[in-house]
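Descriptive structure summary
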Amino acid sequence: MNQPHKVIYDTDPGVDDAMALYFAMAHPDIELLGITTTFGNVTVAQAATNALYLTAIAGQSIPVTQGVAAPWCMPVQAPPAHIHGADGLGNLEGRVLTHNTLDPRSSAQFIVDMARAHPGEITLVAVGPLGNLSLALKLEPRLPQLVKQVILMGGTVLEPGNVSPVAEANIWNDPHAADLVFTAGWKLTMVGLDVTHRVILPVAMFKRIAQAQQHLATDTLHHAVGFYAHFYSGLYPHVAEIHGCFGHDVLAFIFLVNPELFTLENGRIRVVTDGLAQGQTIMKRKDFVPYPHPGWENDKPMSQVCMHVQAQACQEVLERTLSGPWLTTQERAA
Ligand code: BDR
Ligand code: CA
């Protein structure tokens, strides 16, 4: 058997973040070394609380850190409670008592420490605003050489945005941090709306998973996805048809374990940091054109971007993984 992918998961849970977390915990080819939290779908304090809670109820203790609370150069936005719930997990009615505690390091420091301890081995899967990664780059300028790769959920090339006609939420939330991450020079794959808007997951699938794996963790996920799907089904008629939601963050992990399900395009990516197009991810798709406008020189690193996805196959991978025997204790809310 191949060695599992060593992963640090940078996240703002968040319903699709929770889905992705459980996919990573359930998948035998993924070894989660830590969960670094950031503001985004909720405050960073709530994100850390949720990461601790989700891991604890699933019977695991994985290091969780608290990271940046706000964007670099602009005021923090109010979290989107109408999408993820005020608590980030679809307004859970009651939480059981759990005992996992925070790692005292900042998220950025944790990333740096782990990258130094495992040079060339770590994949950073980042699915929130990118402040933790950009701060880690400042703490350790050799980080691009120390990590194996970065896979991020964020941005869009051709698909319209979800917070403006051109911007995706994670990038828009901290565009200065995102531009630094796209130009840092590591192996980077962008899993953006071009593919995440193609994968619509029915709530019925999460009900089947909760029935197959009768456990508080799968019940919690089913509840959260129900809330989240209400938002997406209210917005998009084609999503309402199957009463579902977009999988967004989980696609970053599916790319890690099943890259053959995605079609890639290479290009240099820059982020618009302010104005009407704030958060737009622009890809230079014709690399042979020597544009006179500054910022597109050939010393800017290339990224790979997921442009197409086999949606049905992704859904099957997700359901198969979450329905497997990854939860050891039989726990269920009374
Ligand atoms: C991204 O924004 C957040 O709401 C989701 O968790 C996902 O990371 C989608 O645009
Ligand atoms: Ca997220």
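In this structure, Asp12 (OD), Asp17 (OD), Asp17 (OD), Val127 (O) and Asp249 (OD) serve as the protein donors to the calcium ion (ligand 2), at separations of 2.3 to 2.8 Å. Each donor residue of the calcium ion (ligand 2) belongs to the same chain, and together they define the spacing D-x4-D-x109-V-x121-D. Residue Asp12 is located in the loop between β1 (5-11) and α1 (15-26), and its partner Asp249 is located in the loop between β8 (244-246) and α13 (250-257); the two are separated by 237 residues in the primary sequence. Considered together, Asp12 and Asp249 belong to a single accessibility category, that of buried residues.

Turning our attention to the confidence of the model for the chain. When pLDDT is averaged across the chain, the result is 96; 98% of the residues are at 70 or more. For the chain, per-element mean pLDDT is lowest for helix α12 (residues 237-240), which scores 95, and highest for strand β4 (residues 122-126), which scores 99.

At a closest axis distance of 8 Å, the pairing of helix α5 (residues 131-139) and helix α8 (residues 175-182) adopts a crossing angle of 55 degrees. Comparing their axes, α8 and α5 come out oblique. Both α5 and α8 take part in a crossing whose hand is left-handed. Residues Gly131, Leu133, Ser134 and Leu137 of α5 form the contact with α8, whose participating residues are Ala177, Leu180 and Val181. When the residues that make up the contact of α5 with α8 are grouped by side-chain class, the tally is five nonpolar, two polar and no charged.

Turning next to the packing of helix α10 (residues 203-212) against helix α11 (residues 216-235). For the pair α10 and α11, interaxial distance at closest approach is 9 Å and the crossing angle is 170 degrees. Our classification of the angle between α10 and α11 gives roughly antiparallel. Counted together, Val203, Phe206, Lys207, Ile209 and Ala210 of α10 and Thr218, Asp219, Leu221, His222, Val225, Gly226 and Ala229 of α11 form the full contact between these two elements. Split into classes, the residues belonging to the contact of α10 with α11 amount to seven nonpolar, three polar and two charged.

Attention now goes to the nonpolar core. If you look at the biggest cluster of nonpolar residues, it comprises 70 residues, and the most contacted ones within it are Tyr22, Phe253, Phe262 and Leu318. No other element matches α1, which puts 10 residues into this core. Those residues in contact with Phe253 that lie beyond four places of it in its chain are Val7, Tyr9, Ala20, Phe23, Ala24, Ile30 and Val125. Leu133, Leu143, Ile171 and Met190 belong to the second-largest nonpolar core, a separate cluster that totals 33 residues.

Here we take up the site of ligand 1. Near ligand 1, the surroundings consist of Asp16, Asp17, Asn41, His84, Val127, Met153, Asn162, Glu168, Ala169, Asn170, His248 and Asp249. Side-chain polar atom of Asn170 to an oxygen atom of ligand 1: 2.9 Å apart, as the coordinates give it. The protein chains hide 96% of the 280 Å² of surface that ligand 1 would expose on its own. Secondary structure elements with two or more residues in the shell around ligand 1: α1 and α7 (169-173). Tallied by class, the residues present in the shell around ligand 1 amount to three nonpolar, five polar and four charged.

Before going further, it helps to spend a moment on the pairing of strand β5 (residues 149-153). Regular strands have side chains that alternate between both faces of the sheet. A large share of β5 lies buried, amounting to five of its five residues. Where burial is concerned, the two faces of β5 agree: the one with Gln149, Ile151 and Met153 and the one with Val150 and Leu152 are both buried. Looking at chain direction, β4 and β5 are connected through four bridges and run parallel. Following the sheet pairing, Thr123 is matched in β5 by Gln149. Here four bridges tie β5 to strand β6 (residues 188-191), and the two strands are oriented parallel to one another. Within β6, the position partnered with Val150 by the bridge is Leu188.

Using the criterion set out here, one finds seven aromatic pairs in the structure. With 5.1 Å between their ring centres and 55 degrees between their planes, Tyr22 and Trp326 make a pair best called tilted. In this pair, Tyr22 sits in helix α1 while Trp326 sits in the segment after α14 (311-323), placing the two residues 304 residues apart along the sequence. We note that Tyr22, like Trp326, is buried. Where Tyr236 meets Phe246, the ring centres are 5.3 Å apart and the plane angle is 65 degrees; that geometry is what we call edge-to-face.

Let's shift gears to the environment of Asp17. Mapping Asp17 onto the fold places it in helix α1. Spatially, the C-alpha atoms of Asp17 and Lys300 are 30 Å apart, while their sequence positions differ by 283 residues. Dropping the residues within four chain positions of it, Asp17 is found in contact with Tyr9, Thr11, Asp12, Asn41, Val127 and Asp249.

The subject of this paragraph is the sheet that holds β6. Pairing is mixed in the open sheet, where nine strands are placed in the order β3-β2-β1-β4-β5-β6-β11-β9-β10. Each edge of the open sheet carries a strand with a single partner, namely β3 (64-66) and β10 (281-284). For this sheet the average axis-to-axis angle between neighbouring strands, irrespective of direction, equals 30 degrees. Sheet strands in contact with α1 are β1 and β2 (30-37), and its direction is about 150 degrees off that of β2.

Bringing the environment of Thr220 into the picture now. In this structure, Thr220 sits in helix α11. The exposure class of Thr220 is buried, given its relative accessible area of 5%. For the pair formed by Thr220 and Ala18, sequence separation is 202 residues and the distance between their alpha carbons is 9.5 Å. Among residues more than four places away in sequence, those in contact with Thr220 are Leu54, Ile57 and Leu92.

Here is what the cut-offs are and how they apply
Residue positions are given per chain, counted from 1 along the sequence in the order it is written. Each chain gets a letter, beginning with A, and each ligand a number, beginning with 1, in the order they are written. Note on the predicted model: pLDDT of at least 70 is required for a residue's local features to be given, and 80 or more for side-chain atom pairs to be given and counted; whole-chain, interface and lining totals, by contrast, use all residues. The side-chain values count all of the structure's non-hydrogen atoms but skip hydrogen atoms and water molecules. With water excluded from the atoms, a metal site may look incomplete; its donors are any N, O or S atoms within 2.8 Å, or within 3.2 Å for Na, K and Ca. A helix here means a DSSP run of H or I that spans at least four residues, while a strand means a run of E at least two residues long, and both kinds are numbered starting from the N terminus. For the exposure calls, accessible area comes from a 1.4 Å probe over protein chains only, and a residue counts as buried if that area is under 20% of its type's maximum, exposed if over 50%, partly exposed in between. Per residue, pLDDT measures the predictor's confidence, with a range of 0 to 100. In this analysis, axes come from line fits to C-alpha atoms, helices being fitted only over the stretch in contact, and the angle between any two N-to-C directions falls in the range 0 to 180 degrees. For classification purposes, angles smaller than 35 degrees are called roughly parallel, those larger than 145 roughly antiparallel, those between 65 and 115 roughly perpendicular, and all remaining angles oblique. Two helices crossing with the near one rotated counterclockwise from the far one by less than a right angle form a left-handed crossing, whereas a clockwise rotation gives a right-handed crossing. Contacts are assigned to residue pairs with any non-hydrogen atoms lying within 4.5 Å of each other. Charged residues are taken to be Asp, Glu, Lys and Arg, nonpolar residues to be Ala, Val, Leu, Ile, Met, Phe, Trp, Tyr, Cys and Pro, and polar residues to be all remaining types, Gly included. What makes a nonpolar core is a set of buried Ala, Val, Leu, Ile, Met, Phe, Trp, Tyr and Cys residues whose side-chain atoms join them at distances within 4.5 Å. Distances are taken per atom, and a residue is near a molecule or strand as soon as one of its heavy atoms is within 4 Å of it. Pairing of N or O atoms within 3.5 Å defines a polar contact, subject to two protein rules: one partner must be a possible hydrogen donor and the other a possible acceptor, and residues neighboring in sequence count only if both atoms are side-chain atoms. Values of accessible area rely on a 1.4 Å probe in the Shrake-Rupley scheme; residue burial ignores everything except the protein chains shown. By the convention used here, strands pair only if DSSP detects at least 2 bridges between them. Note on aromatic contacts: the rings of Phe and Tyr and the six-membered ring of Trp form a pair at centre separations within 6.5 Å, being stacked when their planes are under 30 degrees apart, edge-to-face when over 60 apart, and tilted otherwise.

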